[in-house]
Each structure stands twice: as C-alpha cells, then as structure tokens.
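A structural walkthrough
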Amino acid sequence: MDYKFEDYWRAMQPAARYEDRKIAAEFEWDHSPEKQAPIMAWLKRHGPYPDRNPFFFIQDFTVKSKPREPTFLRGDEGGDLVQVKYNGKFLICTRTTMELFGLEWVCDWLPKRD
C-alpha cells in the first residue's frame, strides 16, 4: 500500500510548534519508503504522537528487516506498478519495491483494459 505524506501528518497530529518541520518531514517521508507502512501501523496501534518532532520520528524509526528478495507481481493487481529489469528478466512490481531494492526502471505499468 502506498501511504501519502498527508496521511502520516494527520495520523501524527503534531503540535503546532512543529508546523515549521512539515517540509523537512515530507522530504524524509518521500525518501524513506521502507518506513512508511511500519510507521503507519505503529501510529494506528499507538495513536497520535503530538509531542514528537515528526521529522525525527521518521528519521529515528527503525525497520526490523527488509525482505531479501523483491516481490514481483502479475501486473493486473492495480496500484502504482512499474516494469523493471531484474537478473536479465523484465518483471512487474510496485514502485516502492523498485526503489527499496534499487531495481532498474523500464517503464510505468498500465494493466490492459478489456
């Protein structure tokens, strides 16, 4: 699932004193795709964290482990899919997977419509 920064900002409910950290936090969010789902799960489980600087929350958040191999798809799942080249093969995955594993982008994937 692709999480938007605004979803994070709303879930975090930062105190007004952190409003000036919004741009920096958004940059950190966009450059930490592997942290997005775990952070959103943490916020859902624990609730808002208004007294924490939202930039440092992202930066300091640790993900226990990432998958060793990328997960490839059929191409009809929908979402933000891309075609990549991996080990000499052309395969389909999410953009997040491509970025996480540093895969070679070939093109954006648009499923066939009947």
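Rules behind the numbers
Numbering of residues starts from 1 in each chain and follows the order in which that chain's sequence is written. Only residues with pLDDT of at least 70 are given local features in this predicted model, and only at 80 or more are side-chain atom pairs given and counted; all residues enter the totals for whole chains, interfaces and linings. Note that the side-chain values use all heavy atoms of the structure and ignore hydrogens as well as water. Relative accessibility under 20% of the residue-type maximum defines a buried residue, over 50% an exposed one, and the middle range a partly exposed one, all with a 1.4 Å probe and only protein chains included. Helix and strand assignments come from DSSP, with helices taken as H or I runs of at least 4 residues and strands as E runs of at least 2, each series counted from the N terminus. Think of a nonpolar core as a cluster: buried Ala, Val, Leu, Ile, Met, Phe, Trp, Tyr and Cys residues, connected wherever their side-chain atoms sit within 4.5 Å. The contact criterion used is simple: two residues touch if any of their non-hydrogen atoms lie within 4.5 Å.

This next bit is on unusual backbone geometry. Non-glycine residue Gln 13 carries a positive phi angle of around 50°. Looking at Gln 13, the relative accessible area reads 48%, which means it is partly exposed. Phi angles above zero are rare outside glycine, and Asn 87 is one such case at about 55°. Turning to its location among the elements, Asn 87 is positioned in the loop between β1 (81-86) and β2 (89-94).

Glancing now at the nonpolar core. In this structure, Tyr 8, Trp 29 and Ile 39 are the most contacted members of the largest nonpolar core, which totals 13 residues. The leading source of residues in this core is helix α1 (residues 5-12), at 4 residues. Among all residues touching Tyr 8, those that are not within four sequence positions of it are Trp 29, Ile 39, Met 40, Leu 43, Pro 54, Phe 57 and Ile 58. Counting residues in hydrophobic clusters, the runner-up holds 6 residues, among them Val 84, Tyr 86, Cys 93 and Leu 103.

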